[in-house]
Amino acid sequence: MMTECTNLQFVSPFAFEAMQKVDVVRLASLSDPELRLLLPCLVRMALCAPADQSQSWAQDKKLILRLLSGVEAVNSIVALLSVDFHALEQDASKEQQLRHKLGGGSGESILVSQLQHGLTLEFEHSDSPRRLRLVLSELLAIMNKVSESNGEFFFKSSELFESPVYLEEAADVLCILQAELPSLLPIVDVAEALLHVRNGAWFLCLLVANVPDSFNEVCRGLIKNGERQDEESLGGRRRTDALRFLCKMNPSQALKVRGMVVEECHLPGLGVALTLDHTKNEACEDGVSDLVCFVSGLLLGTNAKVRTWFGTFIRNGQQRKRETSSSVLWQMRRQLLLELMGILPTVRSTRIVEEADVDMEPNVSVYSGLKEEHVVKASALLRLYCALMGIAGLKPTEEEAEQLLQLMTSRPPATPAGVRFVSLSFCMLLAFSTLVSTPEQEQLMVVWLSWMIKEEAYFESTSGVSASFGEMLLLVAMYFHSNQLSAIIDLVCSTLGMKIVIKPSSLSRMKTIFTQEIFTEQVVTAHAVRVPVTSNLSANITGFLPIHCIYQLLRSRSFTKHKVSIKDWIYRQLCETSTPLHPQLLPLIDVYINSILTPASKSNPQATNQPVTEQEILNIFQGVIGGDNIRLNQRFSITAQLLVLYYILSYEEALLANTKTLGLHSALLRLLATNYPHLCIVDDWICEEEITGTDALLRRMLLTNNAKNHSPKQLQEAFSAVPVNHTQVMQIIEHLTLLSASELIPYAEVLTSNMNQLLNSGVPRRILQTVNKLWMVLNTVMPRRLWVMTVNALQPSIKFVRQQKYTQNDLMIDPLIVLRCDQRVHRCPPLMDITLHMLNGYLLASKAYLSAHLKETAEQDRPSQNNTIGLVGQTDAPEVTREELKNALLAAQDSAAVQILLEICLPTEEEKANGVNPDSLLRNVQSVITTSTPNKGIEEGEDNLLCNLREVQCLICCLLHQMYIADPNIAKLVHFQGYPCELLPLTVAGIPSMHICLDFIPELIAQPELEKQIFAIQLLSHLCIQYALPKSLSVARLAVNVMGTLLTVLTQAKRYAFFMPTLPSLVSFCRAFPPLYEDIMSLLIQIGQVCASDVATQTRDIDPIITRLQQIKEKPSGWSQICKDSSYKNGSRDTGSMDPDVQLCHCIERTVIEIINMSVSGI
């Protein structure tokens, strides 16, 4: 496109800016050819009624009319503006519809009748209206083809846009059409269409110049519709060229357009081309060019998408075989190479130092250095080439590699920027060792590295930078000696500031040079000790420091291997520290202590470093003991003193650990948790922290003499008076809450022995809660004795029967004794909390007791078992059997405890008589949602929520939740055993871990017992409501399928026994998962049909029921009000027959009505 438009005149930036600002004075200064391109807009501006009615615009309009008065082409444009554009738009819309109807390739046209000649001749002989129609028809055809091409580029040959004689007239018509018909011809769509014709860029620039406000819109549209890689296709290259012409016309917006390119990740060649155009116009020579900044930003920025997009552009550009000089990538590389060569030293000798004249002055080098003003630019170029090669995969040419090596081995001035440049050059040599390909280049590199070592001290002293490149050289040498190639790669990547892939094999040659020619291990070790310490070392000093080198040498034990003392260096560095603390100091101390205590090898136990002497440690703290003059006499900073203190303490700790002595606390804790798990309950530890924390101190402050004077005897007397006086016992136990746990021990027996008195009616809740609080405090200091006393105190008081006194051993053998307490405990939440706490502890204690018993009796039983078996190779079988028996006993014990606790959750007969709802946790909430009388449901729910049963249920659910989490097999065993279905709303809503039942419900449904299948389906219905998850849906679908299968195999009696309790569960399935509606309705109709077939000869009203079900399924909306009928709700219709199938049919009908009502009401 660049070549096809070379002979055409484009709108100049001066003219475009004048149009943008409507600067009439500038417009008047334009030449006639320049003004000719802008006539469509100027004529419309002069003829159309303006929105601006100011006097200044009136003057400007006169100037525009005067400017246009002498231009002949104005008349033709005025004639174009005189056309009826409304009729033209209607005809164009009709043609669009006709093209859409007949297909894009149809030759039919409403805008233009049958052409007698070619488009060019028709255009020449036509008047203004017909010219508009010719151009509009051709443009619409191209736009339609673009919309149908699905992104595939095509080139449309059109005489109208190619004839050089009528280009200006065609451009006038195009501009007028777009201005007068903007809805039919959106400017972005027109711009897209012009890319597909010859001279499209010229037409596009004229169009935008006549509508200058559309510049950003057109550019963004072209970029958004553009290709991700523009140089890969003809369409991408034409789009890039067109946008470059637009930006040349409006250069002030070129960088903004470039930003659009990066934002959309399209047309990378355009972004580079615009940058190249901008770079040629900028005057800065010494600074970093815009091209370097732009490409570096793309490859080194944080946006991974942009980095990948531009890297693909680089890789694809290298693979193309066409002429490289026309490639944007080639132009970019050429420009970068020119910038690189522009800062290289002009005088450069390729001789090595040894070839220099001996008589040469010592300060004169055969190597000319980089200019100081070029150092920053050179560093930026090096990082850019690293990114191009390491991230974008650029393969340098021989010329590029040669010039890069010349730049890397140049010698910068001793400035901070020079230190940075040398570090980057060194890391680039390590990362891209292929740049060094010939022996001469390798020798050049070795000479440069030797220069680095020699000049390192001078650079550090002159530049004022503590972290010089000498430490990096030393560190890399150490890494090479210890073969830590990955550490070198990390060092290179962190210095370059980019993550690039470096193969360890590529470092083999550099390793040989470092370890054999430059830095042997002994040289490295000896040199490291002579490196001066960093003054005032702190975290503010970044980069690679001597401390990093010493740390690596200590880790590799090089100092002990070569018998080099490092103690003095470390001591001096510790003294030269300040805040904020450098992060490498603590690891240095740790590895130094390890090298003191641990020999480098077993064969040489004396190969250790020397520790810091006591006198040196005392010197650090000189003046600290000086009393008031501490600040005056102190020589060392507080940081140094703290580091030495850390060294002393760490040394002592490492010394103890090195003598193989184990910590007592951890060993005791391990033994306690293994053998006495009931003493390691986490809840008790948390409670103990609360008791021994700040609250305890506050309570001690509130402690009065009255609390100290209350004796256990007084407490006993107060408990004896509880039936008639609550005040005294309340005052005493409130005072006791201020005592510590150890001070409460004398009162433990009185508290526990009188607990049964608290079960009588009328005892205030506050007394019960305070006793519970005191019990929990005592539990932290005397748990086992307290538990035994409490269990014995809470035994049921039966007349004429002597109560048994249980021991600790009895309770560990049978933890269920805890639950054989007075039945009143089950409705006393504070005491039930204590009971559940003891039950949990004894269940854990029983497991430890049985495991210990198994180990104790294993050796005693083995001889008799071996004699009984009498078979070789089977002596371990009884041991396995005993282990299994123990596990079975524990499982039975846990499941029995769970079953008893669940039984406690059921209301007693007395509670039922008082109106307590069995489903006190969940059913009330559901009733509030589903009932037609919400006020009544809320009142019932509140009554049940404010009762002791509800609180006991919550406590039990918390314990069951912990047991299920600790061992999910308990949950599986309990549900395989089953429990009353009335408890299902409680357990599902009150135990958060009940969702694990979804894992084994399919197995439970597969059991042969009908009762277990019924229980599984009822359990699943509640789980689906509570956990409406995809897993619940799959299990529910399985349950519906199983019910359908059982329908075909069950006898009449079993069918009635199975479906009567499970049909209500189908309502819950539909409520949780509406997609199951169809399957469940089909199942219900199928059940009804089976039942009807069994009683068809006896009962004539069954078939009408089936008919109603079919009608309900097909038209549910017509039956949505049936549920309001009390006969359907109460199931009183057709209940005269006691036949099971008849009852089942009526149950099915009620279920269907309930499902439909639920779905219609939007539940």
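Because the structure is a prediction, the values reported are computed rather than measured. (Residues numbered from 1 in each chain as written. Predicted model: local features only at pLDDT ≥ 70, side-chain atom pairs only at ≥ 80, totals over all residues. Heavy atoms only, no water.)

Novice: Summarise the overall build of the protein chain; cite the residues concerned and give the values.
Specialist: From N to C terminus, the protein chain includes 62 helices and zero strands. A total of 1163 residues make up the protein chain; the buried ones form 49% of that total. Contacts in the protein chain between residues far apart in sequence, at least 24 positions, make up 74% of those at least 6 positions apart. (Helix = DSSP H or I, 4+ residues; strand = E, 2+ residues; numbered from the N terminus. Buried < 20%, exposed > 50% of the residue type's maximum accessible area, 1.4 Å probe, protein only. Contact = heavy atoms within 4.5 Å.)

Novice: Hey, could you go over the packing of helix H32 (residues 585-597) against helix H35 (residues 638-658) for me, with residue numbers and the actual values?
Specialist: Taken N-terminus to C-terminus, the directions of H32 and H35 make an angle of 40 degrees; their axes are 10 Å apart at the nearest point. Overall, the two elements H32 and H35 adopt an arrangement that is oblique. Crossing geometry of H32 relative to H35 is assigned as right-handed. Contact residues: Leu585, Leu586, Ile589, Asp590, Tyr592, Ile593, Ile596 and Leu597 in H32; Leu643, Tyr646, Tyr647, Ser650, Tyr651, Ala654, Leu655 and Asn658 in H35. (Axes fitted to C-alpha atoms, helices over the stretch in contact; angles between N-to-C directions. Parallel < 35°, antiparallel > 145°, perpendicular 65-115°, else oblique. Left-handed = near helix turned anticlockwise from the far one by under 90°.)

Novice: Break down the pattern of salt bridges for me, citing the residues and quoting the values.
Specialist: On inspection of all chains with the given rule, the structure shows 26 salt bridges. Residue Arg239 is joined to Glu192 by a salt bridge in which the shortest nitrogen-to-oxygen separation is 2.5 Å. Taken together, the positions of Arg239 in helix H15 (residues 234-249) and Glu192 in helix H12 (residues 187-194) put the pair 47 residues apart, joining distant regions of the chain. For the pair formed by Arg239 and Glu192, the shared burial category is buried. Ionic pairing is found between Glu883 and Lys886, a salt bridge with its closest N-O pair at 3.1 Å. (Salt bridge = Lys/Arg side-chain N within 4 Å of Asp/Glu carboxyl O.)

Novice: Go over a nonpolar patch on the surface, please, and point to the residues and values.
Specialist: Together, Leu669, Leu672, Tyr676, Val682, Trp685 and Ile686 give the surface a local cluster of nonpolar side chains, amounting to about 510 Å² of exposed area. Looking at the nonpolar patch, the elements with two or more residues in it are helix H36 (664-675) and helix H37 (682-691). The dominant element in the nonpolar patch, judged by the number of residues it contributes, is H37, at three residues. Along the polypeptide, Val682 turns up in helix H37. (Patch = residues over 30% accessible without salt bridge, like charges linked within 9 Å, V, L, I, M, F, W, Y side chains within 5 Å. Areas by Shrake-Rupley, 256 points an atom, 1.4 Å probe, with all protein chains shown as cover.)

Novice: Which residues make up the packing of aromatic side chains, and what are the values?
Specialist: Under the defined criterion, the tally for this structure stands at 11 aromatic pairs. Judged by centre distance (5.2 Å) and plane angle (80 degrees), the ring pair of Trp202 and Phe203 falls under edge-to-face. Phe203 carries the same exposure label as Trp202, and that label is buried. Cluster of aromatic residues (ring-pair linked, three or more members): Trp309, Phe310 and Phe313. (Phe/Tyr/Trp six-rings, centres within 6.5 Å; stacked < 30°, edge-to-face > 60°.)

Novice: Describe the nonpolar core, naming the residues involved and giving the relevant values.
Specialist: Counting residues in hydrophobic clusters, the biggest one holds 214 residues, and the most contacted among them are Leu246, Phe310, Met332, Phe426, Met428 and Phe514. With 11 residues, the top contributor of residues to this core is helix H21 (residues 375-390). Here this core spans two domains, since at least three of its residues come from each of domain 1 (13-211) and domain 2 (522-600 + 608-675). Beyond its immediate sequence surroundings of up to four residues, Phe310 is in contact with Pro268, Val272, Val295, Leu298, Leu299 and Met332. One finds Ala718, Ile817, Ile956 and Tyr1077 within the second-largest nonpolar core, a separate group that totals 128 residues. (Core = buried A, V, L, I, M, F, W, Y, C linked by side-chain atoms within 4.5 Å. Domains from an automatic or database assignment.)

Novice: Please give an account of the environment of Met1158 that cites residues and values.
Specialist: Position of Met1158 among the secondary structure elements: in helix H62 (residues 1140-1160). Here Met1158 falls in the buried class, since its relative accessible area comes to 6%. Counting along the chain gives 91 residues from Met1158 to Val1067, while the straight-line C-alpha distance between them is 8.4 Å.

Novice: Give me helix H14 (residues 215-224): which residues, what numbers.
Specialist: Every buried residue of H14 is accounted for by Phe215, Val218, Cys219, Gly221, Leu222 and Ile223. At its buried positions, H14 is contacted by helix H1 (13-21), H12, helix H13 (200-210), H15, helix H16 (254-264) and helix H17 (268-281).

Novice: Mind laying out the environment of Ile176, listing which residues take part and the relevant values?
Specialist: Tracing the backbone through its elements, the reader meets Ile176 in helix H11 (residues 167-180). A sequence separation of 99 residues divides Ile176 from Ile77, and the C-alpha atoms of the two residues are 8.1 Å apart. Setting aside residues no more than four positions away along its own chain, Ile176 makes contact with Pro40, Arg44, Ile77, Leu80, Leu81 and Phe85.

Novice: Pulling in residues and values, what's your account of the side chain of Ser1021?
Specialist: Tracing the sequence through the fold places Ser1021 in helix H56 (residues 1010-1026). On the basis of relative accessible area, Ser1021 is assigned to the buried category, the value being 2%. Among all residues touching Ser1021, those that are not within four sequence positions of it are Ser1065, Ser1068 and Phe1069.

Novice: Account for unusual backbone geometry, naming residues and giving values.
Specialist: Phi is mostly negative for residues that are not glycine, and the peptide bonds are mostly trans. Note that the residue after Thr579, namely Pro580, is joined by a cis bond; omega there is -5 degrees. Residue position: Pro580 is located in the loop between helix H31 (567-575) and H32. Although it is not a glycine, Leu267 adopts a positive phi angle of roughly 55 degrees. One can find Leu267 in the loop between H16 and H17.

Novice: Could you give an account of the confidence of the model for the protein chain, naming the residues involved and the relevant values?
Specialist: For the protein chain, per-residue confidence averages 79 on the pLDDT scale, and residues scoring 70 or more make up 80% of the total. Counted against residues more than four places away or in other chains, residues 623-633, with its pLDDT under 50, gives five contacts. The model gives residues 864-877 a pLDDT under 50, and that stretch makes five contacts with residues more than four places away or in other chains. (pLDDT = per-residue confidence, 0-100.)

Novice: An account of the packing of helix H40 (residues 712-720) against helix H41 (residues 727-736) is requested, with residue identities and associated values reported.
Specialist: Running from amino to carboxyl end, H40 crosses H41 at an angle of 140 degrees, the nearest separation of the two axes being 8 Å. Helix-helix and strand crossings are classified by hand; for H40 and H41 the assignment is left-handed. Of the residues in H41, those in contact with Gln714, Leu715, Ala718 and Phe719 of H40 are Gln728, Val729, Ile732, Ile733 and Leu736. Its residues placed into classes, the contact of H40 with H41 shows seven nonpolar, two polar and no charged. (Nonpolar A, V, L, I, M, F, W, Y, C, P; charged D, E, K, R; others polar.)

Novice: Which residues make up the state of the cysteines, and what are the values?
Specialist: What the rule picks out here adds up to zero disulfides. Cys427 carries a free sulfur, and the closest cysteine sulfur to it, the one in Cys386, is 8.6 Å from it. A residue is classified by how much of its surface remains accessible, and Cys427, at 0% relative accessible area, is buried. (Disulfide = S-S within 2.5 Å.)

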